[in-house]
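Coordinate inspection notes
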Amino acid sequence: MSFSGVGHRRLQRIVLLALAALAVLVPAAGGARAIVPPAVAATIHHIQIVTDLESLPAEYWHSAYASDTNPLIESLVEPTAGQLARLRTAIDRLPPLLRGSISKISIANYTGGGAAGDSTVVGDTYGNNMILSTVQLANQTNLNNTVAHEAVHCFQGLVDLAQNTDTSNIPADTLTKVNSAQGKLRNSTTAQVLRRLQNSAKIADSVYREYAGDAWSSTYSSVGDAVISGFAAPYGAEGPREDLAELGSIFTGSDFANHAYCVQFEGYDKEIPDQRALAIAKLNLLRALGLIDEGQYGQCVRNADPVDAQLISMGSREFAGDLGHGTQTVSHEDLDHDWVMWRIRGEASDAKLEIRLRIRRRDAPSVGSPIGFYALDTVGKYGMAADTLTPIAAQSVLTFQRSDTSNDTEFAAYARISGGGYVLITDFNDDMVKGYAFNVPFYSIIEIEADATDEMDLIWFLWER
């Protein structure tokens, strides 16, 4: 949903789903009302322009749902030739995936002009169907922005299997891409992945704040302020749904590289500071979903992202041999719980590197996609003695060791274990695993509480099928 005005506040719509309740609210004379297709005033590409108000969910037009913050729709209007032309312009500027995700558009006269407390409704979606306030059709720029924002909602409705989605007139190539996006999310949704990213980002930097929900209007005062916490605009902080719409919509214009979200990467050369990590993660998610392509991703991040090959990279070393990843369940008598661990390994000519992360307790609900931030354990500073505190197999750590194991003394002398830092997974699906480790100190396994022998600002990994 989009709003205009100062001090925005999201409309909270209470949807009554019980059929019996709706039957009471919307009685039909002479028995049940026959379901008829909505009146179609026109079409733009495959998108139907509908004018039957009662074809919308009752929450938009029935008096039982009216409130100070929920302005009902008085009527749906048939667009004039001029309005239709402006609407076509706004739709034509959308990339094919977003345009193809829209099933229907309604143009609405809202009661009170859409006033909702201290906000004004300018657009909304239900499923992958769009509603636009008539006032938006008077200004092409405003219309372009609102259509782009709501189109991302339509795409997300299809991917996250929202209620009221309609695929009967959606192009086949769009559905193929939607199915691909769902596969990239594994058993999760865009909303779940974004919430996990945002909530776990404080591992990287305390500047990151969680989604604000109802209190979002007082969270950020400007786009620049919001960008610091990984949002493309203040409204994106309301929740994952608006976060994706605000970020995705900036890429529908040709000048996206000049947006503050992209400008923040200017001047970085294959380095990602902590306060840019969440922004990088969300851009990778957009790329994985198909909302932006590789070219747009590159234009936005400039030279900041160092990942350019299938390997694990640490300093001057490249671990490209025996590259693989997987999960395992770790049980141990010293552990209170069994843990599901994720591991990725690689080998250079003389050494091996492994990253191991604690994803969840085995008896805990699945996290779906493990995309997110993970704190690395700090017990590595105790060397191998750390194993007596927490079994190393269940620690979130990086380990480095020589490939040659023929000399036990040399092998132990050169072995290292991490003792802090964090890992960010940005992609995790059947075809690609990508991520970064930041600020990782390494300790000798044969010393206890010694100083770190090395500290790596950035390690990155990429596995592709």
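This text goes with the structure placed above it.
Rules used throughout
Residues numbered from 1 in each chain as written. Predicted model: local features only at pLDDT ≥ 70, side-chain atom pairs only at ≥ 80, totals over all residues. Heavy atoms only, no water. Helix = DSSP H or I, 4+ residues; strand = E, 2+ residues; numbered from the N terminus. Buried < 20%, exposed > 50% of the residue type's maximum accessible area, 1.4 Å probe, protein only. Contact = heavy atoms within 4.5 Å. Areas by Shrake-Rupley, 256 points an atom, 1.4 Å probe, with all protein chains shown as cover. Disulfide = S-S within 2.5 Å. Phe/Tyr/Trp six-rings, centres within 6.5 Å; stacked < 30°, edge-to-face > 60°. Lys NZ or Arg CZ within 6 Å of the ring centre and 35° of its normal.

**Thoughts on the overall build of the protein**
- A tally of helices and strands in the protein yields twelve helices and 19 strands.
- For the protein, the C-alpha atoms occupy an extent of roughly 90 × 45 × 40 Å along the three principal directions.
- Looking at the protein residue by residue over its 465 residues, the buried ones come to 51%.
- For the protein, the proportion of contacts with a sequence separation of at least 24, taken over those separated by at least 6, is 66%.
- Counting only carbon and sulfur atoms, one obtains 48% of the accessible surface of the protein, whose full area is about 19900 Å².

**Let's talk about unusual backbone geometry**
- One non-glycine residue with positive phi stands out, namely Lys-270, at about 50°.
- Judged by relative accessible area, Lys-270 falls into the partly exposed class, the value being 47%.
- Within the chain, Arg-302 stands out as a residue other than glycine whose phi angle is a positive 55°.
- As for its position among the elements, Arg-302 is in the loop between helix 11 (294-301) and strand 9 (312-314).

**Let's talk about the environment of Thr-190**
- Relative to the elements of secondary structure, Thr-190 occurs in helix 6 (residues 190-200).
- When the C-alpha atoms of Thr-190 and Gln-156 are compared, they prove to be 7.2 Å apart, with 34 residues separating the residues in sequence.
- In this structure, Thr-190 is in contact with Gln-156, Val-159, Asp-160, Leu-185, Leu-244 and Leu-289, ignoring residues within four places of it in sequence.

**Side note on the state of the cysteines**
- For the coordinates displayed, the defined rule picks out one disulfide.
- The disulfide that involves Cys-262 links it to Cys-300, with 2.1 Å between the sulfurs. Taking the sign of the S-S torsion, about -100° here, the bridge from Cys-262 to Cys-300 comes out left-handed. With Cys-262 in helix 9 (residues 260-263) and Cys-300 in helix 11, this pair connects stretches of sequence that are 38 residues apart. Taken individually, Cys-262 and Cys-300 each receive the classification buried, so the pair is uniform in this respect.

**Regarding helix 8 (residues 240-250)**
- Counting buried positions over the eleven residues of helix 8 gives ten, a clear majority of the element.
- Taken together, the buried positions of helix 8 are occupied by Pro-240, Glu-242, Asp-243, Leu-244, Ala-245, Glu-246, Leu-247, Gly-248, Ser-249 and Ile-250.
- Elements that come into contact with the buried residues of helix 8 comprise helix 4 (140-159), helix 6, helix 9 and helix 10 (274-289).

**Regarding the packing of aromatic side chains**
- Per the counting criterion, the structure on display carries ten aromatic pairs.
- With 5.0 Å between their ring centres and 40° between their planes, Phe-251 and Phe-256 make a pair best called tilted. An identical accessibility class is assigned to Phe-251 and Phe-256; each is buried.
- Relative to Phe-461, the ring of Trp-342 lies with its centre 5.7 Å away and its plane at 45°, an arrangement referred to as tilted. Of this pair, Trp-342 sits in strand 12 (residues 339-347) while Phe-461 sits in strand 19 (residues 454-464), placing them 119 residues apart in sequence.
- Linked through ring pairs, Phe-373, Tyr-422, Tyr-436 and Phe-438 together constitute an aromatic cluster.
- Geometry around Trp-339 places Arg-358 over its ring, the cationic atom sitting 5.3 Å from the centre.
- The aromatic ring of Tyr-414 is capped on one face by Arg-402, whose charged end is 3.8 Å from the ring centroid.

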